[in-house]
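Residues per chain, in single letters:
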Amino acid sequence: WQLEQMRSAMAALWSWASVDLAKPLKVFVVKDEQAMRMMAPQYWEQKGEMRPATVWVSGRDEHYMVLRADVRNDDTATLNPYASSYFAYANLVIVSSFDRDLPPWFSRGLAGVLSNTIVRNDEIRLGPPIPWHLETLRDGLHIPLQQLLTMPRSAPDFRDDVGLRRHHPHHATR
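Here we summarise the structure given alongside this text. As the structure is a prediction and not an experimental result, all values here were calculated from the model.

### A word on the sheet that holds strand β3 (residues 63–68)
Alright, step 1. Read across the sheet, three strands follow the order β1-β3-β2 without closing on themselves; strand pairing throughout is mixed. Strands with a single pairing partner mark the edges of an open sheet, and in this sheet they are β1 (25–30) and β2 (54–58). Strand after strand, the sheet turns through a mean of 15° between neighbouring axes, direction not considered.
Alright, step 2. In this sheet, β3 lies alongside β2 in antiparallel orientation, the contact comprising five bridges.

Written out as structure tokens, the structure reads:
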């Protein structure tokens, strides 16, 4: 339901957004961490690795998203416990909305803002500031602009968990 609300909000805000994906998105909700581990064991194989609340992949004919039903936050007014699910969905819409590849800093950045969208019965708060992003900015843990603008899509900062955590240390589910 919340992904549908987010879909409607993106369509209303951006006429360019292709919210009707070329391939269907199948969402699977699993009970807890143990069930997620069965679906994506690679995240539990190495000690200290990220334990995801959401895993998503694109197949030849469909997109797949698996998310845990037991994820909670203490602060539900300004933090979305399913930020990783929203990030995945927003990224699919953004990437699907253009005929060419976007710079990864743009598509990931916009999806990151949308990832903290708060959906309620009577309102949608689109992208309230994420505290750990503000901490990263405050602490100066950022990629220099020139490096960001010229970084290839294959750079570790855009494609692997270690690179992403270096710049977003609290993004992983604990």
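### Examining a nonpolar patch on the surface
Alright, step 1. Nonpolar side chains collect at one region of the surface, where W105, F106, L145 and L149 lie side by side and expose about 390 Å² of accessible area between them.
Alright, step 2. By secondary structure assignment, the location of L149 is in helix α6 (residues 145–150).

### Observations regarding the packing of helix α3 (residues 83–96) against helix α4 (residues 104–115)
Alright, step 1. One way to put it is that α3 packs onto α4 with a least axis distance of 8 Å and a crossing angle of 135°. Accordingly, the angle class assigned to the pair α3 and α4 is oblique. With respect to the hand of their crossing, α3 and α4 are arranged in right-handed fashion. The residues of α4 that touch α3, namely those facing A83, Y86, F87, A90, N91, I94 and V95, are S107, R108, L110, A111, G112, L114 and S115.

Rules used throughout
- Residues numbered from 1 in each chain as written.
- Predicted model: local features only at pLDDT ≥ 70, side-chain atom pairs only at ≥ 80, totals over all residues.
- Heavy atoms only, no water.
- Pairing = 2+ DSSP bridges.
- Helix = DSSP H or I, 4+ residues; strand = E, 2+ residues; numbered from the N terminus.
- Axes fitted to C-alpha atoms, helices over the stretch in contact; angles between N-to-C directions.
- Patch = residues over 30% accessible without salt bridge, like charges linked within 9 Å, V, L, I, M, F, W, Y side chains within 5 Å.
- Areas by Shrake-Rupley, 256 points an atom, 1.4 Å probe, with all protein chains shown as cover.
- Salt bridge = Lys/Arg side-chain N within 4 Å of Asp/Glu carboxyl O.
- Parallel < 35°, antiparallel > 145°, perpendicular 65-115°, else oblique.
- Left-handed = near helix turned anticlockwise from the far one by under 90°.
- Contact = heavy atoms within 4.5 Å.

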